[in-house]
Amino acid sequence: MIRHFTASGIVLSDDDHVLLVEHRKLGWWLYPGGHIESDEDPAQAVIREVTEGTGITCQITAESRFIHPAATVLPAPFTICVQDIPADATTGPHQHIDMVYVLAPGRGQFIPQLEEVTGCAWIPLDKVAGLDTPPELPALIEKTVWRGSYPRWFRSREARGEVVSRARRVRKGARHASPRAP
């Protein structure tokens with residue numbers, strides 16, 4: 001199977017929101033990201049992809065685990081997911097090896113890349129469970145939040161309950177849901 005390396009960012013704000021884009025082909029709400037170019041590393045790719053896809057500049061929030069003057073050390077992703085991607089007009093079925101980073105927003109205004117997304121928005125955490133997303137997205141956001149990989153958010157029990165509820169529904173059988181048709 002063909003595999004592509006990608007980098008994506010879960011962008012968390014200080015006021016209990018996550019930055020999501022609605023993917024044009026899949027019809028799902030996703031965290032922004034995309035393919036890693038041949039001349040860049042994953043950290044450069046996630047910053048570029050989020051800025052290109054949304055207009056918002058960001059900063060990776062990963063802590064430094066190792067530093068040495070003889071080596072360039074990149075920030076570690078929060079996790080690496082292998083995702084099955086359905087066939088489209090240019091590529092058959094393939095997989096993305098996605099390096100997922102947690103990001104803090106900087107400056108900018110929404111300028112969605114409309115050839116790939118139909119829009120982007122700051123979504124309150126308690127609304128994520130109601131969106132059409134890949135089955136793992138609410139659980140991944142939940143894990144990001146619970147591990148403390150966020151600036152200052154996810155304070156409300158109501159918001160936590162929504163994410164946990166959606167994650168439980170996914171674990172009980174909705175894992176193999178396919179994306180809606182474009």
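Note that the structure is predicted; figures quoted are calculated from it, not measured.

Asks: Just checking my understanding: could you explain the overall build of the protein chain for this structure?
Replies: Regarding its fold elements, the protein chain presents four helices and eight strands. Each helix and strand of the protein chain, placed in order from N terminus to C terminus, yields the pattern β-β-β-β-α-β-β-β-β-α-α-α. For the protein chain, the residues scored as buried account for 44% of the 182 residues in total. The long-range fraction of contacts in the protein chain, counting pairs at least 24 apart against all pairs at least 6 apart in sequence, stands at 71%. As displayed, the protein chain has an accessible area near 10300 Å², and 52% of this comes from carbon and sulfur atoms.

Asks: What's the story with the pattern of salt bridges in this structure? I'm lost.
Replies: Where charged atoms of side chains with opposite charge meet at close range, the side chains can pair. Considering all chains together, one arrives at four salt bridges under this definition. Two residues, Glu37 and Arg48, come together in a salt bridge whose shortest N-O distance is 3.8 Å. With a gap of 11 residues between them, Glu37 in the loop between β4 (33–35) and α1 (42–54) and Arg48 in helix α1 connect regions that are remote in the sequence. Accessibility expressed as a relative area gives 40% for Glu37, which makes it partly exposed. Sharing partners across several salt bridges, the network here consists of Glu37, Glu40, Arg48, Glu49 and Glu52.

Asks: Before we go on, may I ask you to explain the nonpolar core in this structure?
Replies: One recurring pattern in soluble globular proteins: nonpolar side chains tend to sit buried together. With 16 residues, the main nonpolar core has Ile10, Val18, Leu20, Tyr31, Val128 and Ile141 as its most contacted residues. Contributions of two or more residues to this core are made by β1 (3–12), β2 (17–23), β7 (94–108), α2 (125–128) and α3 (137–146). If you tally residues by element for this core, the top one is α3, at four residues. With residues up to four places along the chain from it excluded, the contact list for Leu20 reads Trp29, Leu30, Tyr31, Gly119, Cys120, Ala121, Ile123, Val128 and Leu131.

Asks: Quick question: what am I supposed to make of α1 here?
Replies: The periodicity of an α-helix, 3.6 residues per turn, causes residues three or four positions apart to be oriented the same way. The end-to-end C-alpha separation of α1 is 18 Å, in line with the 18 Å expected for 13 residues at 1.5 Å each. On the buried face of α1, the contacting elements are β1, β2, β4, β5 (56–60), β7 and β8 (117–124). Sitting at the amino-terminal end of α1 is Asp41, which places a side-chain oxygen 3.0 Å from the backbone nitrogen of Ala43. Of the residues one or two after α1, Gly55 is the one with positive phi, at around 90 degrees.

Asks: For this particular structure, what's the right way to read unusual backbone geometry?
Replies: Leave glycine aside and you will find that most residues have negative phi; peptide bonds, for their part, are mostly trans. Of note in this structure, Asp16 is not a glycine but carries a positive phi near 65 degrees. Positionally, Asp16 belongs in the loop between β1 and β2.

Asks: Would you take a moment to explain the pairing of β5 for this structure?
Replies: Moving residue by residue along a regular strand, the side chains alternate between the two faces of the sheet. The alternating pattern of β5 places Ile56, Cys58 and Ile60 on a buried face, while none of Thr57 and Gln59, on the opposite face, is buried. Note that β5 and β7 share four bridges and pair antiparallel. The residue of β7 that forms the bridge with Cys58 is Pro105.

Asks: What am I meant to see in the environment of Leu114 here?
Replies: Looking at where Leu114 falls in the secondary structure, it is placed in the loop between β7 and β8. As for Leu114 and Thr54, which are separated by 60 residues in sequence, their C-alpha atoms are 9.5 Å apart.

Asks: Honestly, the confidence of the model for the protein chain in this entry has me stumped. Any pointers?
Replies: A low pLDDT means the predicted coordinates there should not be read in detail. The pLDDT averaged across the protein chain works out to 80; a share of 80% of its residues lies at or above 70. Predicted confidence for residues 149–182 stays below pLDDT 50, and this span has 68 contacts to residues more than four positions away or in other chains.

Asks: How should the environment of Gly108 be read in this particular structure?
Replies: You can see Gly108 is positioned in strand β7. Separated by 52 residues in sequence, Gly108 and Ile56 place their C-alpha atoms 4.5 Å apart. Each residue touching Gly108, except ones within four places of it in the same chain, is listed here: Gly55 and Ile56.

Reading the values: the criteria
Residues numbered from 1 in each chain as written. Predicted model: local features only at pLDDT ≥ 70, side-chain atom pairs only at ≥ 80, totals over all residues. Heavy atoms only, no water. Helix = DSSP H or I, 4+ residues; strand = E, 2+ residues; numbered from the N terminus. Buried < 20%, exposed > 50% of the residue type's maximum accessible area, 1.4 Å probe, protein only. Contact = heavy atoms within 4.5 Å. Areas by Shrake-Rupley, 256 points an atom, 1.4 Å probe, with all protein chains shown as cover. Salt bridge = Lys/Arg side-chain N within 4 Å of Asp/Glu carboxyl O. Core = buried A, V, L, I, M, F, W, Y, C linked by side-chain atoms within 4.5 Å. Expected span 1.5 Å × (residues − 1). Polar contact = N/O pair within 3.5 Å; in protein donor to acceptor, adjacent residues only side chain to side chain. Pairing = 2+ DSSP bridges. pLDDT = per-residue confidence, 0-100.

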